[in-house]
Amino acid sequence: MKQSKGFLYFICAVSAMGGLLFGYDWVVIGGAKPFYEIYFAITESPLMQGVAMSTALVGCLFGAMVAGAAADRYGRKPLLMLSAVLFTVSAVATGLFNDFTLFNIARFVGGVGIGVASALSPMYIAEVSPAEIRGRMVSLNQMTIVLGILAAQIVNMLLARDTSVADSQMWNVEWGWRWMFWAETLPAALFLLMSFFIPESPVYLKIKMRTIQHTDQEAGLKELFQSKYGKVLLLGLVIAVFQQWCGTNVIFNYAQEIFVVAGFDVDGMFINIVITGIANVLFTILALYTIEKWGRRTLILLGAGGLGLIYLILGTCYFFGVTGVAMVALVVAAISVYAMTLGPVTWTLLAEIFPNRIRGVAMATCTFALWVGCCTLTFSFPSMNVALGSSGTFWVYSAICACAFVFLLRRCPETQGKTLEELEKELVSK
């Protein structure tokens, strides 16, 4: 199926809107956290705080788990449309509900949307893009993720610091956190509208035609776990989990704790969060150019090695009680390295390394593993921070990065400039 370049950019941009909503929905809760915890009277309940922070992540696991089989059976386009519906419903309902249980149900719905979009958006883009620009186009999905993150950070900061009301703290407790979630409604509805105008993935149509002609069944987990796919599946799982356990995402989820320990008040915290968001966007833009010039393998190794070194220094600074601008600089450096390497390269590699026949279920399996990594990272950080201190926690992340560097140096191939069919012949055991 031949498409003009302009139309290709259009359909990839529409699909990447799933990434925009993924980024916004994932991060917005961090800014709303100080206010809805007071509203729901859970400031003294770490258990309930953990429930509120992790409900969407459980939804992510569910969404990623069902996305692969559903995408292979019903197509990529319907699943993208479903994720847009889930984002819209969640955005409205999360801010609307006054009951803590219903609040968490709405967050779960949004999490399902994240799980579906995180699996489908990069896969769809990879399947419609020519080999010579595929990395750049899939990285567009990461670009929209970081734009969504930055949008959530800016919305959170503007609402939290609103000086147009007499008692901004009380207003935020009653209404501010609601508007943080409601702000997602407009892009979610736009995503749903625009998704009507994109075609189905040509790879999916070929698979479906082959299935009809040969009366084959869709690929499932049983086929995915055949020995011939063992090496490429292990590679995908390690890359997916490492993107989370490299530690960078705790900066987004627990920015309040990280910057407070570094010596900043609430206003300083929100400003620094936005600074990290801007760095995230700028270095993701840089990744759009380097991913086709430097290659995927070079960038992912640079990410593992660079983050390992930065976290070693960051942990040492925490150990000696360093505070202020130096700590912000190290955090920004970590975000920048991640944004240029592991952020976009992970999704690009996962969308490229699997054969056409099993790509849907393989992508869903690796995305599920990624969200398991995210859940365990989110759950473990507070406990690790208490047990090991900020210094010990970041030293652990540094060690994980070092181990991943060794594994990827030995196992990660270069996929740049190769067609999906060429990669299948190269990576799959016969």
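What counts, and at which threshold
- Residues numbered from 1 in each chain as written.
- Predicted model: local features only at pLDDT ≥ 70, side-chain atom pairs only at ≥ 80, totals over all residues.
- Heavy atoms only, no water.
- Phe/Tyr/Trp six-rings, centres within 6.5 Å; stacked < 30°, edge-to-face > 60°.
- Lys NZ or Arg CZ within 6 Å of the ring centre and 35° of its normal.
- pLDDT = per-residue confidence, 0-100.
- Helix = DSSP H or I, 4+ residues; strand = E, 2+ residues; numbered from the N terminus.
- Buried < 20%, exposed > 50% of the residue type's maximum accessible area, 1.4 Å probe, protein only.
- Arc of directions from axis to C-beta.
- Contact = heavy atoms within 4.5 Å.
- Axes fitted to C-alpha atoms, helices over the stretch in contact; angles between N-to-C directions.
- Parallel < 35°, antiparallel > 145°, perpendicular 65-115°, else oblique.
- Left-handed = near helix turned anticlockwise from the far one by under 90°.
- Nonpolar A, V, L, I, M, F, W, Y, C, P; charged D, E, K, R; others polar.
- Patch = residues over 30% accessible without salt bridge, like charges linked within 9 Å, V, L, I, M, F, W, Y side chains within 5 Å.
- Areas by Shrake-Rupley, 256 points an atom, 1.4 Å probe, with all protein chains shown as cover.
- Salt bridge = Lys/Arg side-chain N within 4 Å of Asp/Glu carboxyl O.
- Polar contact = N/O pair within 3.5 Å; in protein donor to acceptor, adjacent residues only side chain to side chain.
- Expected span 1.5 Å × (residues − 1).
- Core = buried A, V, L, I, M, F, W, Y, C linked by side-chain atoms within 4.5 Å.

**Observations concerning the packing of aromatic side chains**
Tallied over the entire structure, the rule returns 23 aromatic pairs. When the centroid spacing of 6.5 Å and the interplanar angle of 45 degrees are considered together, the rings of Trp175 and Trp182 count as tilted. Taken together, the ring pairs in this structure connect Tyr36, Tyr39, Phe40, Phe100, Phe103, Trp177 and Phe181 into an aromatic cluster. The ring of Tyr39 is capped by Arg178, whose NZ or CZ atom sits 4.9 Å from the centre of that ring.

**A few points about the confidence of the model for the protein**
On average, residues of the protein carry a pLDDT of 85, and 90% of them reach 70 or more. Here helix H12 (residues 255–261) stands out as the least confident element of the protein, with mean pLDDT 65; helix H14 (residues 296–319) is the most confident, with 94.

**Focus: helix H7 (residues 185–195)**
Since one α-helical turn is 3.6 residues long, residues separated by three or four positions face the same way. Those residues of H7 that sit buried are Ala188, Phe191 and Ser195. Taken down its axis, H7 places every buried residue within 60 degrees of arc, on the same side. Next to the buried residues of H7 lie helix H1 (5–39) and helix H3 (76–96).

**Comments concerning the packing of H3 against helix H4 (residues 100–128)**
Following both chains from N to C, one finds H3 and H4 inclined at 150 degrees, their axes separated by 8 Å at the closest point. Relative to H4, the element H3 lies roughly antiparallel. Helix-helix and strand crossings are classified by hand; for H3 and H4 the assignment is left-handed. Class assignment for the residues of the contact of H3 with H4 results in 15 nonpolar, six polar and three charged.

**Re a nonpolar patch on the surface**
On the surface, Ile278, Leu282, Phe283, Ile285, Leu286 and Tyr289 cluster together to form a nonpolar patch covering roughly 530 Å² of accessible area. Mapped onto the elements of the fold, Tyr289 is located in helix H13 (residues 266–293).

**Notes on the environment of Met48**
On the secondary structure map, Met48 appears in helix H2 (residues 46–74). With 52 residues separating them in the primary sequence, Met48 and Phe100 have C-alpha atoms 9.4 Å apart. In this structure Met48 touches Ile42 and Phe100, once residues within four positions along its chain are discounted.

**Examining the side chain of Asn385**
With respect to the helices and strands, Asn385 occurs in helix H17 (residues 359–411). Polar side-chain contacts of Asn385 include one of 3.2 Å to the side chain of Ser390. Ignoring any residue separated from it by four or fewer positions in sequence, one finds Asn385 in contact with Ser390 and Thr393.

**Brief notes about the pattern of salt bridges**
Using the criterion set out here, one finds eight salt bridges in the structure. Asp25 is the partner of Arg107 in a salt bridge, and the nearest nitrogen-oxygen pair spans 3.1 Å. Within this pair, whereas Arg107 is found in helix H4, its partner Asp25 is found in helix H1, the two being separated by 82 residues in sequence. Accessibility classification places Arg107 together with Asp25 in one group, the buried group. Close ionic contact of Glu292 with Arg296 constitutes a salt bridge, the shortest N to O distance being 3.1 Å. For the pair Glu292 and Arg296, one class covers both residues: buried.

**Details of H4**
Taking 1.5 Å per residue, 29 residues should reach 42 Å; H4 reaches 42 Å between its end C-alpha atoms and fits that length. Burial within H4 is extensive, with 24 of its 29 residues counted as buried. Its side-chain oxygen placed 3.0 Å from the backbone nitrogen of Thr101, Asp99 serves as the N-cap of H4.

**Some points on the nonpolar core**
Tyr36 and Trp371 are the most contacted members of the largest nonpolar core, which totals 119 residues. The residues contacting Trp371, other than those within four sequence positions of it, are Phe22, Trp26, Leu57, Cys60, Leu61, Ala64, Ile114, Gly115 and Ser118. Core analysis: the next-biggest nonpolar cluster, separate from the first, contains seven residues, Val146, Leu150, Val274 and Leu288 among them.

**Quick word on the environment of Leu86**
Its location among the elements puts Leu86 in helix H3. Residue class for Leu86 comes out buried when judged on its relative accessible area of 16%. Residues Leu86 and Leu192, 106 residues apart in the sequence, show an inter-C-alpha distance of 9.8 Å. Setting aside residues no more than four positions away along its own chain, Leu86 makes contact with Val109, Gly110, Val112 and Gly113.

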